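# Fold and contact review
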Amino acid sequence: MELTDLERDFLRKLIGESWVSPPTFDHEIVARLVELGLVETEPLPSGDIEYRITEAGRAAATA
């Protein structure tokens, strides 16, 4: 699978820890990563979204 530089950078940042989006984050930027199963999301009570890398995402980030 061919990832953009932005997608690969986002995955690499998630390897160390999950990330919580700020209210103004454009979720469409990483929607394809979620659809591909490379990242999983969890809505938080605050309305923010937490992003976590999956094992498939770890493999794609280091490929």
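Figured I'd write up the structure that's included with this text. Remember, it's a predicted structure, so these values are computed and weren't measured experimentally.

### Examining the side chain of glutamate 50
Inspection of the secondary structure assignment puts glutamate 50 in strand β3 (residues 49-53). What makes glutamate 50 buried here is its relative accessible area of 16%. Within the local environment of glutamate 50, its side chain forms a polar contact with the side chain of serine 18, the two groups lying 2.7 Å apart. The residues touching glutamate 50, leaving out its near neighbours within four places in the chain, are Ser18, Trp19, Val20, Glu40, Thr41, Glu42 and Leu44.

### Some words on the sheet that holds β3
Here 3 strands make up an open sheet; going across it, the order is β1-β3-β2 and the pairing antiparallel. In the strand order of this sheet, the two ends are held by β1 (19-20) and β2 (39-43), each with one partner. Strands β1, β2 and β3 of the sheet are contacted by helix α1 (residues 5-16), whose axis makes an angle of about 90 degrees with β3.

What counts and how
- Residues numbered from 1 in each chain as written.
- Predicted model: local features only at pLDDT ≥ 70, side-chain atom pairs only at ≥ 80, totals over all residues.
- Heavy atoms only, no water.
- Helix = DSSP H or I, 4+ residues; strand = E, 2+ residues; numbered from the N terminus.
- Buried < 20%, exposed > 50% of the residue type's maximum accessible area, 1.4 Å probe, protein only.
- Polar contact = N/O pair within 3.5 Å; in protein donor to acceptor, adjacent residues only side chain to side chain.
- Contact = heavy atoms within 4.5 Å.
- Pairing = 2+ DSSP bridges.
- Axes fitted to C-alpha atoms, helices over the stretch in contact; angles between N-to-C directions.

Geometric values such as these leave the question of function open.
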